[in-house]
Amino acid sequence: MSNLYILCIILLLITLLVGLIRVWRGPRSADRILSAQLFGTTGVAILLLLAELQSQSAARDAALVLSLLAALATVAFVSRVWSNARHQAREAEHEPSD
Amino acid sequence: MSVLLDLLLLSSLWVFALLTLTALPLFRGVVFFILLGLMLALVWIRLDAPDIALAEAAIGAGITGVLLLDTLGHLHHRADQESSPIRLKSSRFWVALISSLSLAGLLLWALLDTPATPTMLAEQVARALPNSGVDHPITAVLLNFRSYDTLLEIGVLVVAILVGLTLADKDSAQLSLPKLPNPLLQACLALLVPLMLMVSSYLLWAGSKQPGGAFQAGAVLAATGILLHLSGFRLTLRTSERLMRAGLLLGFSVFLLVAASALIDGQPLLTYPDHLAGILILIIELALTLSIGLILLSLFTLPHFALPEQERPK
C-alpha cells in the first residue's frame, strides 16, 4: 500500500515539474499565476498522501491551511498586478517567448 | 522506492530555488518563490517536521507571496522596472558572495562538528514534558523551556513594523487600488472567511497537544484580514491605526507581564508555577495569535498609515 502512495506522490511531483514549463514560458502573467494555483491544488494532494504514508495527521492540517490560503495569491494578483500589468502583457505577447 | 521520492523532492527543491533566483521578469520570480514555499512545506512534512511545514504553508506560500505581489504592484505604478535586470555593483557583489560563502561554511562546520557527548535534547524535553503544562513537545519548548527566545522573536516582529513605518511613504497611499466589486469573490468570501477564522482558532487550540500554535494561527488570521482588505472591506484609517498599535502592544506586553509576574513570587523571570503553566501558556498564545495576526496585516496595509487623516484616499 505504501508503495502505491509513493508512486502517486512521485507522479504528482512529476506533473508539478511539467507545470513549471507553463510558469516559465507564460506568456502572460495570468497564465503563470494560474499554474501556481494549480500547484497549490497538487500540493494539497501530495500533503494528503504524505499524511497517509507517514501516518502524520498534522500533514492534513498543513493541507487545510494551504487550501485556504492558496486563493489569496490569486486575489492579490488580480487586485494588485493584473490591472496594471495588462498593458505590458499585451506587449509581451508579441515578443517571442523564451 | 522511497529513496526515489526523496531524490525527486530534493532535486525539485533545487530546481525551484535556482529558478527563483534567476527568473528575470520579477513577476516570474515571485511566482517561483510562492511555489518554492509550497515545495518547502512538502519537504518539511517528509522530514517529519509538521510544525515548520504548517508555518511554511501559512507564511511562505500564503502571506509572503501576497506581500511580494503587492510590492510588485507598487513597483509597476512607480516606474517600468519590470524589464530592467537588477545589476549589483561589483563591491556589493563581493560582499554578498563573501557573506553567503561564510554562512555556508559556518553551517557546514556546525554539521560536521558534532559534539563528542550527544546532548540528548529530545530525551530531556520528553522527561520534563509532564511539568510543562502542554502535551506537545514543540509548544513546550517554545513557550516554556525556551520562552525567552519566543519573547525576543515577538520583539523582532515589533521592530519589523517600526522599520516598515519609517519606509512607508506618502505617495504610495494614492496608489491604493480600487476595490474589487466582483460578485464571485464576495460569494467566496462568505464561505472562506468563517472557515479561515475557524481554522485559525483550531490551530491555536491544537498547539497544546499537536502541531499548531500562535504563529500558524496568527498567520491564518492575518490572511483573513488581508483577504477582506483586498476585497474592499477597508477599515477607516483611524481604526486600522489603533488596531496596529493594539497588535504591537498586546502580545509583547501580555508575554512580558506573565514573564515578570514570576518575579513577585521570588522566582526567576519566565518561570510558570506548575499547576498554572497550561492556562498561562494558553493566555500567552491567545495574545500572541491576535498580535501576530494584526502585525502581519499591518505590514500589508502599512503604506496608508503614514498619511494624516485628511489626505486619506477616497
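Since this is a predicted model, take the numbers as computed values, not measurements. All residue numbers refer to positions counted from 1 along the written sequence of the respective chain. Throughout, the order in which chains and ligands are written sets their labels, letters from A for the former and numbers from 1 for the latter. The predicted origin of the model limits local features to residues at a pLDDT of at least 70 and limits the giving and counting of side-chain atom pairs to 80 or more, whereas totals for whole chains, interfaces and linings rest on all residues.

Another point: the overall build of chain A. Numbering of helices and strands runs from the N terminus, with a helix taken as a DSSP run of H or I at least four residues long and a strand as a DSSP run of E at least two residues long. Of the regular secondary structure elements, chain A holds 3 helices and 0 strands. Whether a residue is buried, exposed or partly exposed follows from its count of other C-beta atoms within 10 Å of its own C-beta, namely 20 or more, 12 or fewer, or something in between, respectively; the C-beta atoms are built from the backbone. The burial tally for chain A puts 41% of its 98 residues in the buried class. The contact criterion used is a C-beta to C-beta distance within 7 Å, with each C-beta placed from the backbone. Considering only intrachain contacts with a sequence separation of at least 6, the fraction spanning at least 24 residues in chain A is 58%.

For the rest of this paragraph, the subject is the overall build of chain B. Within chain B, the secondary structure is distributed over 12 helices and 0 strands. Traced from its N-terminal end to its C-terminal end, chain B shows the element sequence α-α-α-α-α-α-α-α-α-α-α-α. A burial count over chain B gives 35% of its 314 residues as buried. Residue pairs at least 24 apart in sequence account for 73% of intrachain contacts in chain B once pairs closer than 6 positions are excluded.

Another aspect to go through is the interface of chain B and chain A. The interface is formed by 51 residues belonging to chain B together with 42 residues belonging to chain A. Breaking the side of chain B that touches chain A down by element, the ones donating at least two residues are helix 1 (2-22), helix 2 (26-46), helix 3 (50-78), helix 9 (183-206) and helix 10 (214-230) of chain B. When residues of the side of chain B that touches chain A are assigned to their parent elements, the largest contribution, 15 residues, is made by helix 3 of chain B. The residue classification treats Ala, Val, Leu, Ile, Met, Phe, Trp, Tyr, Cys and Pro as nonpolar and Asp, Glu, Lys and Arg as charged. All others, Gly included, are polar. Of the residues assigned to the side of chain B that touches chain A, the class counts are 36 nonpolar, 10 polar and 5 charged.

Further remarks concern the packing of helix 10 of chain B against helix 12 (residues 277-301) of chain B. All names here are of chain B. To obtain an axis, a line is fitted to C-alpha atoms, over the contacting stretch when the element is a helix, and the angle between two such axes runs from 0 to 180 degrees between their N-to-C directions. Relative orientation of the contacting elements helix 10 and helix 12 amounts to 40°, with a least axis distance of 7 Å. Taken together, the axes of helix 10 and helix 12 are oblique relative to one another. Here the hand of the crossing between helix 10 and helix 12 comes out right-handed. Contacts from A214, F215, A217, G218, A219, L221, A222, G225, I226 and H229 of helix 10 reach helix 12 at E285, L288, T289, I292, G293, L296, L297, F300 and T301. The residue inventory of the contact of helix 10 with helix 12, partitioned by class, reads 12 nonpolar, 6 polar and 1 charged. These descriptions rest on fixed angle ranges, namely under 35 degrees for roughly parallel, over 145 for roughly antiparallel, 65 to 115 for roughly perpendicular, and the rest for oblique. In this scheme the handedness of a crossing depends on how the near helix is turned from the far one: anticlockwise by less than a right angle means left-handed, clockwise means right-handed.

By size, the foremost hydrophobic cluster in this structure holds 95 residues, and its most contacted members are L47(A), A62(A), V65(A) and L66(A). If one sorts the elements of this core by residue count, helix 3 (residues 58-94) of chain A sits on top with 16 residues. Dropping the residues within four chain positions of it, L66(A) is found in contact with G40(A), G43(A), V44(A), L47(A), A41(B), A57(B) and A61(B). Connectivity within a nonpolar core runs through C-beta atoms within 7 Å, and the core itself is a set of buried Ala, Val, Leu, Ile, Met, Phe, Trp, Tyr and Cys residues.

The next subject is the environment of L4(A). Residue and element names in this part refer to chain A. Along the chain, L4 falls in helix 1 (residues 2-25). Of the residues examined, L4 has 11 C-beta atoms within 10 Å and is grouped as exposed. For L4 and I33, which are 29 residues apart along the polypeptide, the C-alpha to C-alpha distance reads 31 Å.

Turning our attention to helix 7 (residues 147-167) of chain B. Residues and elements named next belong to chain B. To estimate how far a helix should extend, the number of its residues minus one is multiplied by 1.5 Å. If you check helix 7, its first and last C-alpha atoms are 31 Å apart, about what 21 residues at 1.5 Å a residue would give, namely 30 Å. When helix 7 is considered as a whole, its buried residues turn out to be S147, T150, L151, I154 and L157. One side of helix 7 carries all its buried residues, which in axial view fall inside an arc of 110°. More than 90 degrees from the buried face of helix 7, the exposed residues found are Y148, D149, L152, V156, V159, L162, V163, T166 and L167. Within this analysis, the arc is defined by the directions that extend from the helix axis to the C-beta atoms.

Low pLDDT marks regions whose predicted coordinates should not be analysed in detail. All names here are of chain B. Per-residue confidence from the predictor is given as pLDDT, running between 0 and 100. With 87% of its residues at a pLDDT of at least 70, chain B reaches an overall mean of 79. At the low end of the mean pLDDT range in chain B sits helix 8 (residues 170-174), at 51; at the high end sits helix 4 (residues 90-112), at 90. Segment residues 304-314: pLDDT under 50, and 20 contacts once partners within four positions in sequence are set aside and those in other chains are kept. For this predicted complex, the interface score ipTM comes out at 0.82, while the overall pTM is 0.81.

Quick look at unusual backbone geometry now. The residue S55(A) is not glycine, and still its phi comes out positive at about 35°. Of note, D48(B) is a non-glycine position whose phi angle comes to about 60°, a positive value.

Right, let's talk about helix 9 of chain B for a bit. Residue and element names in this part refer to chain B. Look at helix 9: 34 Å from first C-alpha to last across 24 residues, which is about the 34 Å you get at 1.5 Å a residue. Working definition for bend: take the seven residues up to and ending at a residue and the seven starting at it, fit an axis to each, and measure the angle between the axes. Where helix 9 bends most, the angle comes to about 30°, and this point is L189. When we look at burial in helix 9, the residues that qualify are L185, L189, L192, M196, V199, S200, L203, L204 and A206.

Residue and element names in this part refer to chain B. Looking at the element boundaries, Y272 is found in the loop between helix 11 (237-264) and helix 12. A count of 23 C-beta atoms within 10 Å places Y272 in the buried class. In this structure, the C-alpha to C-alpha distance between Y272 and N144, residues 128 residues apart in sequence, is 7.8 Å. Look past the residues within four positions of Y272 in its chain and what remains in contact with it is G133, N144, A262, A277 and L280.

Okay, the packing of helix 9 of chain B against helix 10 of chain B next. Residues and elements named next belong to chain B. At a closest axis distance of 7 Å, the pairing of helix 9 and helix 10 adopts a crossing angle of 165°. As far as their axial angle goes, helix 10 and helix 9 are roughly antiparallel. The two elements helix 9 and helix 10 cross, and the hand of that crossing is left-handed. Taken together, the residues of helix 10 that come into contact with helix 9 (itself represented by L189, L192, V193, M196, L197, V199, S200, S201, L203 and L204) are A214, Q216, A217, V220, L221, A223, T224, L227 and L228. Tallied by class, residues from the contact of helix 9 with helix 10 come to 15 nonpolar, 4 polar and no charged.

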